[in-house]
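Given next are the chains, with one letter for each unit.
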Amino acid sequence: MTLEFLVASAIAMLVAGGIYLALRGRTFQVVLGLTLLSYAVNLFLFAVGRLIVDRPPLYASGVTEHADPLPQALVLTAIVITFAMTALTVILSLRSFLESGSDQVDGLAGPETGATHEPARSPARRADRPSRDDRAGYDAVDAAPP
C-alpha cells in the first residue's frame, strides 16, 4: 500500500462522513459534517502540494531541495477560516435551538425529540414585556403593544 493511496482513502472517508453528517436533521450533526468536510479539504490541499519526506521546510545553507511552503500557507489559512465558520455556525445553531426549542435543522420538533413547538423562554426575559410570538399580530406601522 502506498502513501498516496492512504492519503486518498483518508480524504475519501472524511468526505463521506462529512456528507453523511451534513445531510442529517440535527444541527450539531450538520456542524460536525461541515467540520469533517473542511478537514478533508485541508488534507486535500496539503496533499496537492506533493508529500515530500526528509526535506527541510525552511531554507538552510547547503541544502538544495526544500519543501514547498505554499500548501502549508493555504492549509493554515483554511484552518483559520474553518474555525471562524464553525464558531459562527455553532452560535447560529444555538440561537436557533433557544428560539425554537428544537435542534432540528428545519426548526420543528419531532416526536423523537420530546421537545414542544413552544420556543424556549429565557429566565432573564422580563415578564412585563411581550415576547416576539405575542407581537406576531402587530404590523410594523402599528403601535407597540402595552
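As a reminder, the structure under discussion sits directly above these lines.
Residues numbered from 1 in each chain as written. Predicted model: local features only at pLDDT ≥ 70, side-chain atom pairs only at ≥ 80, totals over all residues. Heavy atoms only, no water.

1. Brief notes about helix H3 (residues 69–100)
Note the cut-off: Every helix listed is a DSSP run of H or I at least four residues long, and every strand listed is a run of E at least two residues long, numbered separately from the N terminus. Expected helix span is given by 1.5 Å per residue-to-residue step, counting one fewer step than there are residues. To sort residues, take the accessible area from a 1.4 Å probe on protein chains only and compare it with the maximum for the residue type: under 20% means buried, over 50% means exposed, and anything in between is partly exposed. Pairs of residues are marked as contacts when any of their non-hydrogen atoms sit within 4.5 Å.
Between its first and last C-alpha atoms H3 spans 46 Å; for 32 residues at 1.5 Å apiece the expected length is 46 Å, and the two agree. Looking at H3, one finds that the buried residues are Pro71, Val75, Ala78, Thr82, Thr86, Ser93 and Ser100. For H3, the elements touching its buried residues are helix H2 (27–48).

2. Let's talk about the pattern of salt bridges
Close approach of charged atoms allows side chains of opposite charge to pair. In plain terms, the rule: Think of a salt bridge as a Lys or Arg side-chain nitrogen and an Asp or Glu carboxyl oxygen that are within 4 Å of each other.
A complete count under the given rule lists two salt bridges for this structure. As a salt-bridge pair, Arg26 and Asp103 come within 2.5 Å of each other at their nearest N and O atoms. Linking Arg26 in the loop between helix H1 (3–22) and H2 with Asp103 in the segment after H3, this pair joins segments that are 77 residues apart in sequence.

3. Some points on the side chain of Asn42
Counting through the fold element by element, Asn42 comes out in helix H2. Contacts of Asn42, omitting those with residues within four sequence positions, involve Val75, Ala78 and Ile79.

4. With respect to a nonpolar patch on the surface
Heads up, the condition is: Like-charged residues within 9 Å of one another, or nonpolar side chains (Val, Leu, Ile, Met, Phe, Trp, Tyr) within 5 Å, are grouped into patches, provided each residue has over 30% relative accessible area and no salt bridge. Methods summary: accessible areas were calculated by the Shrake-Rupley approach with a probe of 1.4 Å, and residue burial reflects only the protein chains presented.
On the surface, Met1, Phe5 and Leu6 cluster together into a nonpolar patch covering about 390 Å² of accessible area. Along the chain, Phe5 falls in helix H1. Judged by relative accessible area, Phe5 falls into the partly exposed class, the value being 48%.

5. Here we look at H1
The cut-off we apply is this: Arc, as used here, means the arc of the directions from the helix axis to the C-beta atoms.
Between its first and last C-alpha atoms H1 spans 28 Å; for 20 residues at 1.5 Å apiece the expected length is 28 Å, and the two agree. Buried within H1 are the following residues: Val7, Ile11, Gly18 and Leu21. Seen from one end, H1 has its buried residues packed into an arc of 105 degrees, which puts them on one side. Those residues of H1 that are exposed and aimed more than 90 degrees away from the buried face are Met13 and Tyr20.

6. Re the side chain of Ser93
You can see Ser93 is positioned in helix H3. Aside from chain neighbours lying at most four places away, what touches Ser93 is Thr27 and Val31.

7. Here we look at the environment of Glu4
Summarising the element assignment, Glu4 is placed in helix H1. Since its relative accessible area comes to 58%, Glu4 is described here as exposed.

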